[in-house]
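Residue-level structure breakdown
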Amino acid sequence: AAATWGYDKGNGPSVWYKNFPKAGGNRQSPVNIDSKTCKSHTFSHPLKANYSSEANMEVTNNGFTFVATIKGENTISGGPLETTPYKLHSFHFHWGSDDSHGSEHTIDNKSYPAELHLVHWNYQKYPDFAEAAAAEDGLSVLGILLKVGEANPVLQALCDAMDKVQACDSKHTLDQAFDLASLVPEDSIKFFTYPGSLTTPPCHESVTWLVSKEMLSCSKEQLSHFRALIGKNTAPLVNNYRPVLALCNRSVCSCD
Ligand code: SG4
Ligand code: ZN
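These numbers come from a predicted model, not from an experiment. (Residues numbered from 1 in each chain as written. Chains lettered and ligands numbered in written order. Predicted model: local features only at pLDDT ≥ 70, side-chain atom pairs only at ≥ 80, totals over all residues. Heavy atoms only, no water.)

1. Some details on the overall build of the protein
Each helix and strand counted, the protein has four helices and 17 strands in total. With the C-alpha coordinates aligned to their principal axes, the bounding extent of the protein is approximately 45 × 40 × 40 Å. Here the analysis covers contacts within the protein between residues at least 6 apart in sequence; of these, 72% occur between residues at least 24 apart. On the protein, roughly 11,600 Å² of surface is accessible, and the fraction owed to carbon and sulfur atoms is 50%. Treating the 21 positive side-chain charges of the protein as one cloud and the 27 negative ones as another, the clouds have centres 6 Å apart. (Helix = DSSP H or I, 4+ residues; strand = E, 2+ residues; numbered from the N terminus. Contact = heavy atoms within 4.5 Å. Areas by Shrake-Rupley, 256 points an atom, 1.4 Å probe, with all protein chains shown as cover. Lys, Arg positive; Asp, Glu negative; His and termini not counted. Charge placed at Lys NZ, Arg CZ, Asp CG, Glu CD.)

Have a look at this one:
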C-alpha cells in the first residue's frame, strides 16, 4: 500500500493537509527565523540541557529519518519552559540531497545541509509521550542546525551507526555508550523560540520550539552517511524536510 505521507511529489508536504488537517493550521513548523526583526527576550531561567551518557542506544532507519530512542532520564528546562523539566524521548535528523538544503528551519532565509531534532515531552504533566504529543504544552523540540565544516567526532558515532541501518526499517544497538551532552552547547543555550508543531504528520500543534543559535559542524564525508540511507521506496533517503510555513499570528523570540 502507498504510504499515507512522505516527501515525494504525490504525498509530500503540500498535500499533507488532505489526510492530516492540522497540517493546514496557523501554528505550523518549521518557519524562517528573521534574526534582525525577532524580539529579544530574557527569561528568568537559562535554557539548560541536563544530559548524560546513554548505554545501548537503539537507532532505527524508519524510512522517514534516522532516529535514536532514549531510555535514560535526560531533561531540558529553563527559557520558555521555565522550571518545568521536559524529558528527552528521541532524536532524529532531516537532511538534503546536497549541502545547499536539508534543514527545516531557515535563518534569514538561509538553509543548512541538515538539522538535528531532540524531542522532549512534558512528562510530569502527561501520562505518556503520545498524549503529550497532542497537547498544546506537551512537547519541546531543541533544533540544532548542521553546517559544513570540520568532521565532528560526536556525530561520527552516529554516522557509523547509520551504516548499520542503511536498509529501511532496520535497527541497531550501539555498543559504546553515547554521550548525549556533547550534542548540545555546554552551559546555557542561546536560542530562538516560538510556538509551533511537529514537522511531520499528524503535525500536532504541541511544540515549544527551541532553535539553538550555535550550530554543529559536520564534514561533507559525514553528510554522505546520511544520504546513503535507504527510504520507503528503495530510493535514497534524502530531502526529508518540510519547507518553511508562514508565522501567521506568531513571533519568534531571540534569547541569549
Ligand atoms: C520524525 O519522523 C521522527 O521519526 C519522529 O519520531 C518524530 O515524531 C517526527 O519526525 C516529528 O518530529 O521534531 N520533526 S519533529 O517535529 O517525535 C515525534 C519518532 O517517531 C512525535 C520517534
Ligand atoms: Zn524533526
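2. Re the coordination of the zinc ion (ligand 2)
Protein-derived ligands of the zinc ion (ligand 2) are His 92 (NE2), His 94 (NE2) and His 117 (ND1), with the metal-ligand distances lying across 1.9 to 2.0 Å. Angles of 99 to 114° at the metal separate the four donor atoms of the zinc ion (ligand 2), which places the site in the tetrahedral class. Donor residues binding the zinc ion (ligand 2) come from one chain and are separated in sequence as H-x1-H-x22-H. (Donors = N, O, S within 2.8 Å, 3.2 Å for Na, K, Ca; no water. Tetrahedral: all angles 85-135°; square planar, octahedral: opposite > 155°, others 65-115°.)

3. Focus on the packing of aromatic side chains
Under the counting rule described, the total for this entry stands at 12 aromatic pairs. Each ring, one from Tyr 7 and one from Trp 16, has its centre 5.7 Å from the other, and the planes form 75°; the classification is edge-to-face. For Trp 16, a relative accessible area of 1% translates into the label buried. Pairing Phe 43 with Phe 191 gives two aromatic rings, centres 6.3 Å apart and planes at 15°, and the pair type is stacked. Pair noted here: Phe 43 is in the loop between β2 (39-40) and β3 (48-50) and Phe 191 is in strand β14 (residues 191-196), with a separation of 148 residues, a long-range link. The exposure class of Phe 43 is partly exposed, given its relative accessible area of 23%. Here the aromatic cluster, defined as three or more aromatic residues joined through ring pairs, consists of Phe 66, Phe 91, Phe 93, Trp 95, Phe 178 and Phe 226. Its guanidinium or amino end placed over the ring of Tyr 112, Lys 110 lies 4.9 Å from that ring's centre, counting from NZ or CZ. Against the face of Phe 192 rests Lys 213, its NZ or CZ located 5.0 Å from the ring centre. (Phe/Tyr/Trp six-rings, centres within 6.5 Å; stacked < 30°, edge-to-face > 60°. Buried < 20%, exposed > 50% of the residue type's maximum accessible area, 1.4 Å probe, protein only. Lys NZ or Arg CZ within 6 Å of the ring centre and 35° of its normal.)

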